[in-house]
Structure formats: C-alpha cells, structure tokens
Amino acid sequence: MNLRWNTLLPYAALILLPGAVAAAEGTTQVSQGQYLATAGDCVACHTAAGGKPFTGGLKMSTPLGAIYSTNITPDKETGIGNYSYDDFAKAVRQGVAKDGHHLYPAMPYTAFAKINDADMHALYDFFMHQVTAVRQPNRDSDIPWPLSMRWPLAVWNWVFHDDQVYTPDDKQSAQWNRGAYLVQGLEHCGTCHTPRGIAFQEKALDQSDSAYLTGGTLEGWHAPDLTANAKEGLGSWSEGDIAQFLKTGRTDRSAAFGSMTDVVEHSTQYLTDDDLKAMAVYLRSLKASDEKAAAPKADNATVLALTQGDMRKPGAQEYMDNCAACHRIDGAGYAKTFPALAHNPALLSDDPSSLVSIVLRGGKMAVTKDAVTGLTMPDFAWRLNDQQVADVVSFIRSSWGNQASAVSADQVKALRKGLSTVERKEPNKANEPNTDRPNSGQ
C-alpha cells in the first residue's frame with residue numbers, strides 16, 4: 001500500500017538479503033525490531049540499486065528536484081551511529097535530524113509518528129545492534145537554492161504534521177486497532193493511497209477524514225481507492241482477499257502493480273497472518289468514498305463482438321493483437337496468473353494513469369517465498385503509438401460492463417514523457433506497430 005516519490009525505481013535489496021543484518025544477538029527485542037523495520041519497509045527507500053542495505057543514495061523525484069535517501073546504518077561518520085534514542089525518535093516521528101535540519105516529507109514521518117514507544121525502542125535497537133555499519137557519505141539534493149533551504153519545512157510541519165502516537169480506539173476491537181496501527185503507521189499506506197494537497201501534504205492521516213485512503217497519484221501511477229467504494233475500491237473484496245493480496249501480491253482476479261509489488265516483496269509478505277488479518281479488518285471497515293458508486297454488471301456485448309470478428313470499436317483490434325492471449329476475450333484473465341480486466345476496480349478510477357503506465361512500461365508480479373518467479377507483462381511503448389494506447393485503454397475501461405471515462409492520446413503522451421530513455425521507445429512515424437523490437441541499446 002505504500003508508494004513513495006521514487007515510485008518506479010527498482011529496489012535492489014530485500015530486508016533479509018545476505019549481509020543486510022549482522023549476526024543476531026538472540027534477544028526478543030532485536031527480533032521484534034527487525035520485524036518492525038520490515039513492516040516499515042525501511043530498506044526500500046534507504047537502499048539504492050546495487051548498494052548495500054540501508055546506506056541510502058536512492059534517488060527520489062520531487063516537484064522541485066531530486067533528493068536522495070540517507071545512510072541509516074550505525075556508522076558514526078556518515079550514518080546514525082551517534083544518534084541517541086531521543087535523536088532517533090525525533091527523526092522518525094518529527095522529521096528532524098540530530099543536527100537540527102528538517103527532513104523532506106518523502107520520509108513518511110507523518111505516518112511513523114504513530115509508532116508507540118515500545119516499538120520505537122525496538123527499532124532503535126535493531127538499527128544500532130543488528131544492521132551492519134557502512135561508511136557511505138550522504139548526497140546533497142539536486143534542488144536549486146533558494147528552494148533547497150530547509151527552514152520552510154518547519155512551517156510545513158506546523159501546518160500539516162500531527163506527531164501524536166497512535167491512540168487505540170476503545171470502541172473498536174483489539175484486532176481493528178492493531179490493523180489501524182499498522183496501516184496508519186508502520187505500513188504508511190496513506191503515503192500513496194491518500195490524495196495530496198497543493199503543498200504535497202496528505203489530505204488525511206486516518207479514517208476520521210473521509211479523504212483517507214481514497215486513492216492518490218504519484219509519478220504516473222494511481223494508487224487505488226482502499227475504501228469500500230463498490231466500483232473502484234475494495235467494496236467487492238473480502239477480508240481474506242485483502243490478506244491474501246498482501247501476502248502474495250495477487251488474488252484470483254487481481255495482482256499488485258507498480259511499486260506495490262515492491263511493498264509485497266520487501267514488507268507485507270513477511271508479516272504474520274494475524275497482522276495481515278488485522279490490516280484487512282481495518283481496511284474493510286472504512287466507509288466508501290462514494291456510497292452511490294455501483295459495481296460493474298456483466299455485459300456480454302464485447303465478447304460477442306470479438307468472437308464474431310467485429311473490430312469496429314476503437315481499441316478492439318489492439319486488444320486482440322496484444323492483450324487477449326493473456327487476459328482473454330472475456331477480460332476475466334486467469335486466477336493468480338493474469339489479472340482480470342473486467343470489473344477490476346484498480347482500472348476503473350477517474351484517473352487512468354496506472355493502466356496507461358503499465359501498458360507503456362510493462363510490469364512484473366511480486367516475487368515471494370511461495371512464488372519465486374514473477375510473471376512479467378511486456379511493455380508496449382515501443383509497439384503502440386499514443387492514439388493506439390489511448391484506444392486500447394479506453395476499450396478496456398468500457399468493455400464487459402466496465403464503465404470508466406475514455407482516455408485521450410494527450411494523456412498518454414504526457415505519461416510517455418515520464419519514461420526513462422530506455423523505456424521511451426517510440427513507435428514508427430507511420431503510426432503502425434513496429435515489427436522489429438529495438439534492442440536495449442537503442
């Protein structure tokens with residue numbers, strides 16, 4: 001559930017990579033700290049591709065310029081080895097480093113503020129005693145002066161940050177409270193799944209505000225609505241579906257995409273079944289963002305047309321040529337293998353960014369302990385032009401009973417500009433698919 005500003009960057013290390021953790025001291029406290037660091041997915045942001053775990057250096061794009069994550073190993077020169085517990089807690093909860101400078105809110109301290117004292121002590125012990133110290137200097141941001149000045153972040157915190165530790169709701173069960181604690185805090189689901197305001201602040205931090213977890217868009221991906229919205233949220237999901245998705249990155253009809261695959265790989269697959277169940281209980285309790293939204297109803301018109309070779313609907317030919325083999329003519333996909341496109345809430349948001357992005361970029365399913373080979377969807381940026389992508393995405397969003405707005409070629413063009421140089425493989429100028437795919441060096 002967690003997507004950061006570095007949404008699309010590949011993460012090089014899992015929390016349990018060899019060398020990530022030094023020899024354990026054998027205490028329950030240290031073991032608990034490692035579990036909490038896994039739940040917080042700390043390694044994802046604080047490990048660059050090819051780098052050593054927790055040494056930082058991961059590039060994160062922001063509207064003002066790139067910033068780089070910091071070294072959080074216990075190295076005394078370049079890491080946090082000189083941090084006291086109070087220094088550590090202040091950085092994690094308030095976004096203020098030991099020397100007094102403010103951290104950018106790409107560090108989800110707005111969520112980590114909810115971590116209780118016992119868990120914060122366990123985290124501190126983990127980073128100080130189990131993580132291997134590595135000397136690696138931190139890199140300055142690419143944000144130009146005067147925008148790089150940090151003092152405005154103090155004002156940002158004063159306006160938007162609530163540093164109160166999570167307070168259990170005595171009207172709810174212990175299981176619900178555990179789920180709320182994880183979702184709001186360590187798992188920081190709102191970082192991606194809650195819409196952002198003009199100052200890039202999360203519009204809500206918990207269920208007391210109706211905007212919480214109603215979906216958010218970052219770097220060309222839309223993190224779906226996690227409320228009980230019947231059309232584009234979790235209204236049709238059971239608690240078991242949610243827990244299975246967090247454990248494996250897939251259900252019979254859905255699969256994780258974008259950086260949610262990294263969340264499953266690095267974090268949620270390692271949580272206990274009890275914690276996954278608690279998160280599911282909490283998420284299923286959230287009121288629908290739109291109580292009038294209706295779940296799609298089955299419609300066989302698309303299947304009949306495709307079966308009869310009727311390709312008059314824009315995008316139909318592109319779908320048959322590029323999508324039907326895996327996702328089927330009826331859009332139902334194959335259970336736990338190729339996700340369904342029919343009635344899939346993640347594809348029906350008013351914001352089509354994710355569907356366009358996965359067509360352009362391709363994707364890979366989460367690699368977990370039980371599924372060590374992630375199935376891959378190829379990218380089509382090299383094969384389809386902007387209008388063709390718009391047509392096939394619009395076709396998907398309006399077929400089999402799906403009812404979502406059409407996508408324009410201009411929307412596709414804008415998202416194509418966000419691709420890397422390697423990803424941005426333009427189709428030929430004749431607006432026809434290329435027959436020879438460029439190699440990775442082109």
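Residues numbered from 1 in each chain as written. Predicted model: local features only at pLDDT ≥ 70, side-chain atom pairs only at ≥ 80, totals over all residues. Heavy atoms only, no water.

The name given to the protein chain in an unreviewed UniProt entry is Gluconate 2-dehydrogenase cytochrome c subunit, with the source organism recorded as Sodalis praecaptivus. What the UniProt record of the protein chain gives under Subcellular location (unreviewed entry) is the line "Cell membrane". (UniProt positions renumbered as here; feature names shortened; annotations may be inferred.)

> Help me understand the packing of helix H3 (residues 85-94) against helix H5 (residues 117-129) in this model?
Helix packing geometry: the angle between the two helix axes and the distance between the axes. Interhelical geometry of H3 versus H5 gives an angle of 110° and a closest axis separation of 10 Å. In terms of orientation, H3 and H5 fall into the roughly perpendicular class. Crossing of H3 over H5 shows right-handed handedness. Contact with H3, carried on its side by Tyr85, Phe88, Ala89, Val92 and Arg93, involves Asp117, Met120, His121, Leu123, Tyr124 and Phe127 of H5 and no other residues of that element. Looking at the contact of H3 with H5 residue by residue, the classes come out as 8 nonpolar, 1 polar and 2 charged. (Axes fitted to C-alpha atoms, helices over the stretch in contact; angles between N-to-C directions. Helix = DSSP H or I, 4+ residues; strand = E, 2+ residues; numbered from the N terminus. Parallel < 35°, antiparallel > 145°, perpendicular 65-115°, else oblique. Left-handed = near helix turned anticlockwise from the far one by under 90°. Contact = heavy atoms within 4.5 Å. Nonpolar A, V, L, I, M, F, W, Y, C, P; charged D, E, K, R; others polar.)

> What am I meant to see in the layout of surface pockets here?
Rolled over the atoms, a probe with the dimensions of a water molecule shows which regions are left empty. Roughly 1,000 Å³ of volume is contained in the second largest pocket. Listed by contribution, the elements that provide at least two residues to the lining of the second largest pocket are helix H1 (28-39), helix H2 (42-45), strand S2 (65-68), H3 and H5. It is H3 that contributes the most residues to the lining of the second largest pocket, 3 residues altogether. By residue class, the composition of the lining of the second largest pocket is 25 nonpolar, 13 polar and 9 charged. (1 Å grid on protein atoms, 1.4 Å probe; cavity = no way out; pocket = protein on both sides within 12 Å on 5 of 7 lines; lining within 4 Å. Points joined across faces, edges and corners; volume = space filled by probe spheres on them.)

> Please explain the packing of aromatic side chains as it appears in this structure.
For any pair of aromatic rings, the description rests on two quantities: the centre-to-centre distance and the angle between the ring planes. Enumeration according to the criterion identifies 15 aromatic pairs in this entry. Consider the rings of phenylalanine 54 and phenylalanine 127, whose centres lie 5.4 Å apart with planes at 85°: the pair is edge-to-face. Here phenylalanine 127 lies in helix H5 and phenylalanine 54 lies in the loop between H2 and strand S1 (59-62), a separation of 73 residues in the sequence. The class of phenylalanine 127 is buried, set by a relative accessible area of 3%. With a centroid separation of 5.1 Å and 70° between ring planes, the pair formed by phenylalanine 126 and phenylalanine 127 is classed as edge-to-face. Each member of the pair, phenylalanine 126 as well as phenylalanine 127, is classed as buried. Among the aromatic residues, ring-to-ring pairing joins Phe54, Tyr85, Phe88, Tyr124, Phe126 and Phe127 into one connected group. Of note, arginine 196 hangs over the ring of phenylalanine 200, and the distance from its end group to the ring centre comes to 4.8 Å. Positioned above the aromatic ring of tyrosine 334, the side-chain terminus of arginine 328 is 5.2 Å from the ring centre. (Phe/Tyr/Trp six-rings, centres within 6.5 Å; stacked < 30°, edge-to-face > 60°. Buried < 20%, exposed > 50% of the residue type's maximum accessible area, 1.4 Å probe, protein only. Lys NZ or Arg CZ within 6 Å of the ring centre and 35° of its normal.)

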